[in-house]
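# Fold and contact review
Here is what each chain is made of, one letter per residue.
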Amino acid sequence: MGTKRQKNIWRSEINDIIRGACGGFLFGIPLLYTMEVWWIGSGAKPQLMMMAIALMFIVVFLLNQIEGFRKRRYTRLAYQAVMDTVEAIAIGLACSAFVLLLLRELTLETSLKESLGKIIFESVPFAIGVALANQLLGDSENNNTEGKATDQLNDATKNKGGELHATFADLSATLIGATVIAFNIAPTDEIPMLAAAASPPWQLAMIATSLLISYGIVFQAGFSDQQKRRQQKGIFQRPSSETIMSYLVSLLAGAFMLWFFQKLTFSDPWTMWLDHTLMLGLPATIGGAAGRLAI
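Worth saying up front: this structure is predicted, and the values here are computed from it rather than measured.

Now for the overall build of the protein. The number of helices and strands found in the protein is 13 helices and 0 strands. Overall, the protein shows an N-to-C arrangement of helices and strands of α-α-α-α-α-α-α-α-α-α-α-α-α. Here the protein holds 295 residues, and the buried ones make up 44% of them. Taking all contacts inside the protein whose residues are at least 6 apart in sequence as the whole, residues at least 24 apart take part in 83%. On the protein, roughly 15500 Å² of surface is accessible, and the fraction owed to carbon and sulfur atoms is 67%.

Given below as structure tokens:
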């Protein structure tokens, strides 16, 4: 009995961390593709770093008092909000450091001061996204129970032509979400600069990371009727196939945006198209996942 309860506690804690990390990616990924923030972090003095951490702590603490990233709020005591704030900031620091490593903005040659500056300044939107995870995209459990009768009434309609409709809705939502994010990043100079530094192993890591984050946001983090999405029928009804197909659609949206803003032309080699598209694929995939949560 005690062992089972311990497992449930650890499972709940892991789910909370995944939910917080996914909220951080949804909120903070665009700023990670902004070189001005890299430059500010690179030259930041220790006093400025401490000020950024202090301001981040205050904002995240206030947000945790309202909702936070945990599924259950047993008490509203201040010390619990403080603990959640420390954990949210830690998640933000870890996620931003991971993505900066993936983008090759942090390497073994990067000095400790420069690395800390980049990580701290990039972690601010991540930590805020962690604290906003439930507030923005929380699972509407109450709506699920109230809407069971409506879902049962709609089952007959869904079964008739629902698979094609559900697939079209997913792909459309993915395309819209990916296009919105890619539209904001594609015209910048960050994509060519990052693509030039990415070797094939890092490109493979970028693909794997994009797929894992997309899967986590839609099927693991507990956002927006997650159980309903798992049961949704469609041509690509399995979480794995839906994630892969949505990733390909996001890549297509990213490639189109790069062409639209003349960052790529049809005279460019296919390897250049691949490098740039994969680099833009990460934020585009996160945008596509957010789009699927909206339907």
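Position of Thr243 among the secondary structure elements: in helix α12 (residues 239–260). In terms of polar contacts, Thr243 uses its side chain to reach the backbone carbonyl oxygen of Pro239, at 2.6 Å.

So, about the nonpolar core. Residues Phe25, Ile29, Tyr33, Ile217, Met279 and Leu282 are the most contacted members of the largest nonpolar core, which totals 55 residues. Those residues in contact with Phe25 that sit more than four places away from it in its chain are Cys95, Val99, Phe126, Ile213 and Ile286. Counting 6 residues, the second largest nonpolar core, distinct from the first, contains Ala44, Met49, Ala52 and Ile120.

According to UniProt, the "transmembrane region" (unreviewed entry) feature falls on residues 21–41, 47–64, 85–103, 202–223, 244–261 and 273–294. Counting secondary structure, residues 85–103 comes out at 95% helix and 0% strand; the distance between its end C-alpha atoms is 27 Å.

To continue, consider the packing of aromatic side chains. Where two aromatic rings form a pair, the distance of their centres and the angle of their planes describe that pair. For the structure shown, the criterion picks out 9 aromatic pairs. Ring centres of Phe25 and Phe126 lie 5.3 Å apart, and the angle between their planes is 80°; on these two criteria the pair is classed as edge-to-face. Of the two residues, Phe25 is situated in helix α1 (residues 2–32) and Phe126 in helix α5 (residues 112–131); the sequence distance between them amounts to 101 residues. For the pair Phe25 and Phe126, one class covers both residues: buried.

Where α12 contacts helix α13 (residues 270–293), the axes come no closer than 7 Å and their chain directions differ by 120°. When the axis of α12 is compared with that of α13, the two are oblique. Seen from above, α12 lies across α13 with right-handed handedness. Residues Glu242, Ser246, Tyr247, Ser250, Leu251, Gly254, Ala255, Leu258 and Trp259 of α12 touch α13, and the partners they reach there are Trp273, His276, Thr277, Leu278, Leu280, Gly281, Ala284, Thr285, Gly288 and Arg292.

Let's shift gears to unusual backbone geometry. A positive phi is found at Arg104, a non-glycine position, where the angle reads about 65°. Residue position: Arg104 is located in the loop between α4 (78–102) and α5. With a relative accessible area of 30%, Arg104 lands in the partly exposed category. The phi angle at Gln262 is positive, at roughly 60°, despite the residue not being glycine.

Below, the discussion takes up the pattern of salt bridges. Under the defined criterion, the tally for this structure stands at 5 salt bridges. Glu114 is the salt-bridge partner of Lys118, the closest N and O atoms lying 3.3 Å from each other. A residue pair is termed a helical-turn pair when its members lie 3 or 4 positions apart in one helix, as Lys118 and Glu114 do in helix α5 at 4 residues. Overall, Lys118 belongs to the buried group, its relative accessible area being 5%.

With that settled, the discussion passes to helix α3 (residues 46–66). For α3, spanning 21 residues, the distance from its first C-alpha to its last is 31 Å, which sits close to the expected 30 Å at 1.5 Å a residue. Taken together, the buried positions of α3 are occupied by Met49, Ala52, Met56, Val60, Phe61, Leu63 and Asn64. Within α3, the buried residues cover an arc of 165° as seen down the axis, which keeps them to one side. What points out from α3, more than 90 degrees from its buried face, is the exposed set Gln47, Met50, Leu55 and Leu62. Once α3 finishes, Gly68 follows within two positions and takes phi at roughly 85°, a positive value.

Basis of the calculations
- Think of each chain on its own: its residues are numbered from 1, step by step along the sequence as written.
- Totals for whole chains, interfaces and linings use all residues, but because this is a predicted model, local features are given only for residues with pLDDT of at least 70 and pairs of side-chain atoms are given and counted only at 80 or more.
- Side-chain figures throughout are based on the complete set of non-hydrogen atoms in the structure, without hydrogens or water.
- Counting from the N terminus, the helices are the DSSP runs of H or I reaching at least four residues and the strands are the DSSP runs of E reaching at least two.
- Buried residues are those whose accessible area, probed at 1.4 Å on protein chains only, stays under 20% of the maximum for their type, while exposed residues exceed 50% and partly exposed ones sit between those limits.
- Pairs of residues are marked as contacts when any of their non-hydrogen atoms sit within 4.5 Å.
- Note on areas: Shrake-Rupley, 1.4 Å probe, and residue coverage restricted to the protein chains presented here.
- In protein, a polar contact means a hydrogen-donor-capable atom and an acceptor-capable atom, both N or O and within 3.5 Å, with residues adjacent in sequence counting only if both atoms are side-chain atoms; elsewhere, any N or O pair within 3.5 Å suffices.
- For our purposes a nonpolar core is just a set of buried Ala, Val, Leu, Ile, Met, Phe, Trp, Tyr and Cys residues, chained together by side-chain atoms within 4.5 Å.
- UniProt positions are given in the numbering used here, feature names are shortened, and annotations may be inferred rather than shown by experiment.
- Pairing of aromatic rings covers Phe, Tyr and the six-membered ring of Trp, with a centre-to-centre limit of 6.5 Å; geometry is then stacked below 30 degrees between planes, edge-to-face above 60, and tilted otherwise.
- For helices, the fitted axis covers only the stretch in contact; all axes are lines through C-alpha atoms, and the angles between them, taken along N-to-C directions, range from 0 to 180 degrees.
- Roughly parallel means an angle under 35 degrees; roughly antiparallel means over 145; roughly perpendicular covers 65 to 115; every other angle is labelled oblique.
- Whether a crossing is left-handed or right-handed is set by the direction in which the near helix is turned from the far one by less than a right angle, anticlockwise for left-handed and clockwise for right-handed.
- For salt bridges, the criterion is a side-chain nitrogen of Lys or Arg within 4 Å of an Asp or Glu carboxyl oxygen.
- Between the first and last residue of a helix there are one fewer steps than residues, each counted as 1.5 Å, and that sum is the expected span.
- Along the arc lie the directions from the helix axis toward the C-beta atoms.

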